[in-house]
Amino acid sequence: MSAAAKQLRLPPMPKISDLIRMYGLRAKKQLSQNFILDLNVTDKIARKADVFDCHVIEVGSGPGSLTRSLLNNGVKHVHGVEIDERFLPSLEVLRDASHNHLTIHHQDIMTFDMMSPLRNKKSVHMRQWESEEVPNVRLVGNLPFAVSIPLLLQWLQAVAERKGPFQLGRVPMTLVFQKEVGQNLVAEEFNYHRSRLSIMAQTYCHVTKEMVLRSTVFTPEPQVDAWLIHFVPRIQPKVDVSFDILEQVVKAIFSKRKKIIRHSIKELFPQRGHLADQLLHDIDIEPTVRPHQLTLEQYNSISTRFAQLCQEHDLTTEPLKINKPNVIR
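The shown structure was predicted, so the numbers you read here are calculated from the model rather than taken from an experiment. (Residues numbered from 1 in each chain as written. Predicted model: local features only at pLDDT ≥ 70, side-chain atom pairs only at ≥ 80, totals over all residues. Heavy atoms only, no water.)

Peer 1: Any chance you could break down the packing of aromatic side chains for me, citing the residues and the numbers?
Peer 2: A complete count under the given rule lists six aromatic pairs for this structure. Where Phe269 meets Phe306, the ring centres are 5.6 Å apart and the plane angle is 70°; that geometry is what we call edge-to-face. One end of the pair, Phe269, is in the loop between helix H10 (261–265) and helix H11 (274–282); the other, Phe306, is in helix H12 (residues 296–312), and 37 residues separate them in sequence. Relative accessible area serves as the criterion here: at 0%, Phe306 is assigned to the buried category. Taking NZ or CZ as reference, Lys209 lies 4.0 Å from the ring centre of Trp227, over its face. Directly above the ring of Tyr192 sits Arg257, whose terminal nitrogen or CZ lies 5.0 Å from the centroid. (Phe/Tyr/Trp six-rings, centres within 6.5 Å; stacked < 30°, edge-to-face > 60°. Helix = DSSP H or I, 4+ residues; strand = E, 2+ residues; numbered from the N terminus. Buried < 20%, exposed > 50% of the residue type's maximum accessible area, 1.4 Å probe, protein only. Lys NZ or Arg CZ within 6 Å of the ring centre and 35° of its normal.)

Peer 1: With reference to specific residues and values, describe the layout of surface pockets.
Peer 2: The space that makes up the second largest pocket amounts to roughly 150 Å³. As for the second largest pocket, its lining consists of Ile149, Leu153, Glu180, Val181, Asn184, His193, Ser195, Arg196 and Leu197. For the lining of the second largest pocket, the secondary structure elements donating two or more residues are helix H6 (148–161), helix H7 (179–186) and helix H8 (196–204). Per-element tally for the lining of the second largest pocket: the top contributor is H7, with three residues. Here the residues of the lining of the second largest pocket sort into four nonpolar, three polar and two charged. (1 Å grid on protein atoms, 1.4 Å probe; cavity = no way out; pocket = protein on both sides within 12 Å on 5 of 7 lines; lining within 4 Å. Points joined across faces, edges and corners; volume = space filled by probe spheres on them. Nonpolar A, V, L, I, M, F, W, Y, C, P; charged D, E, K, R; others polar.)

Peer 1: Which residues make up the sheet that holds strand E7 (residues 205–213), and what values do they have?
Peer 2: Sheet architecture is open: seven strands sit in the order E4-E3-E2-E5-E6-E9-E7, paired in mixed fashion. Looking at which strands have only one partner, the edges of the open sheet turn out to be strand E4 (102–105) and E7. If you compare each strand with its neighbour and ignore which way they point, the axes differ by 20° on average. Alignment of strand E5 (residues 137–142) against strand E6 (residues 173–178), held across four bridges, turns out to be parallel. Bridge pairing links Leu139 to Met173 in E6. Its contacts with the sheet place H7 against E6, E7 and strand E9 (226–233), and it is angled at close to 35° to E9. (Pairing = 2+ DSSP bridges. Axes fitted to C-alpha atoms, helices over the stretch in contact; angles between N-to-C directions. Contact = heavy atoms within 4.5 Å.)

Peer 1: Which residues make up unusual backbone geometry, and what values go with them?
Peer 2: Cis geometry is found at the peptide bond from Thr219 to Pro220, where omega equals -10°. Locating Pro220 in the fold gives a position in the loop between strand E8 (218–219) and E9. The phi torsion at Phe190 lies on the positive side, around 75°, for a residue other than glycine. One can find Phe190 in the loop between H7 and H8. Unlike most non-glycine residues, Asp314 shows phi in positive territory, near 55°. The residue Asp314 is located in the segment after H12 in this model.

Peer 1: How would you summarise H8 if you had to cite specific residues and measurements?
Peer 2: With respect to burial, H8 is a largely interior element, eight of its nine residues being buried. Among all positions in H8, only Leu197, Ser198, Ile199, Met200, Ala201, Gln202, Thr203 and Tyr204 are buried. Those residues of H8 that are buried are in contact with H6, H7, E7, E9, helix H9 (243–254) and H12. Among the residues of H8, the N-terminal cap falls to Ser195, whose side-chain oxygen and the backbone nitrogen of Leu197 are separated by 3.2 Å. (Polar contact = N/O pair within 3.5 Å; in protein donor to acceptor, adjacent residues only side chain to side chain.)

Peer 1: Pulling in residues and values, what's your account of the UniProt feature "binding site: S-adenosyl-L-methionine" (unreviewed entry) in the protein?
Peer 2: Per the UniProt record, the feature "binding site: S-adenosyl-L-methionine" (unreviewed entry) sits at Asn34, Ile36, Gly60, Glu82, Asp108 and Asn142. With respect to the secondary-structure elements, Asp108 resides in the loop between E4 and E5. Judged by its relative accessible area of 31%, Asp108 falls in the partly exposed class. Structurally, the position occupied by Asn142 is in strand E5. Residue Asn142 is classed as buried on the basis of its relative accessible area, which comes to 15%. The contact partners of Asn142, leaving out residues within four places of it in the chain, are Asn34, Phe35, Ile36, Val59, Leu66, Val176 and Phe218. (UniProt positions renumbered as here; feature names shortened; annotations may be inferred.)

The following block contains the structure:
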């Protein structure tokens, strides 16, 4: 146990609900904000995230309830990223009480350089990607529902390319999503919740559901429950093509999720639809299966053969337009 982790004990502080009243804070619908004010719940999230003696990048600190739980669970340091300036005064109260264990970054997480607070820090322990051990860095957050999917896809690409904080090794992520998104993330083959997001996440990470968060724990209360999902990057991805090629394949296949894949794979070959039949014949996959029935191994076969056919016929590997978030460097 490090000395820093031993010493951190927050002094008595106002309740989060009192801070919200004190500073006149309210959730903004346009930022899809829903806060968890119950410290019993945020303490559970912090424990599930395994943050002891770690540097934690917290997404959307808000009024600071999860931030407080992270600090109380023995972190090395919390780097709280919050775009909404209304929450800065309440976070500064927490920062001043944290004995230099909290830094507030008033920035947009979609463009925030996550390596900036970690770079050249002796207390940040890098681990080789092939190691069973992971770095003492965690990404944790109660994600605003509106940005949760673009943000996750941005991070999955960083995992695939070992950029951003994933330069340090297989950094775990523990994140809150709407229940429907959580169901997509963990769905296995033949589960109808299986989606484009299932394939992208499970290709690059071990994905597990850690707990259910009832809608009643959020303020304001949303219409649906949420799930806490834990991600640990895989040593070896399940699909052996670039992130961009895999994204093209799953977008095409799930563009007609209720149809047989023979129809949707044709989206990958504009004006050359016969190549879709050739692809499925070459890898011995029945053209009548549906997207949610395919295994990750089959997605690997489809993606690999698609890349080969593009090279053989001088075709682009990016026939579909995909709105992508900023790429992490």
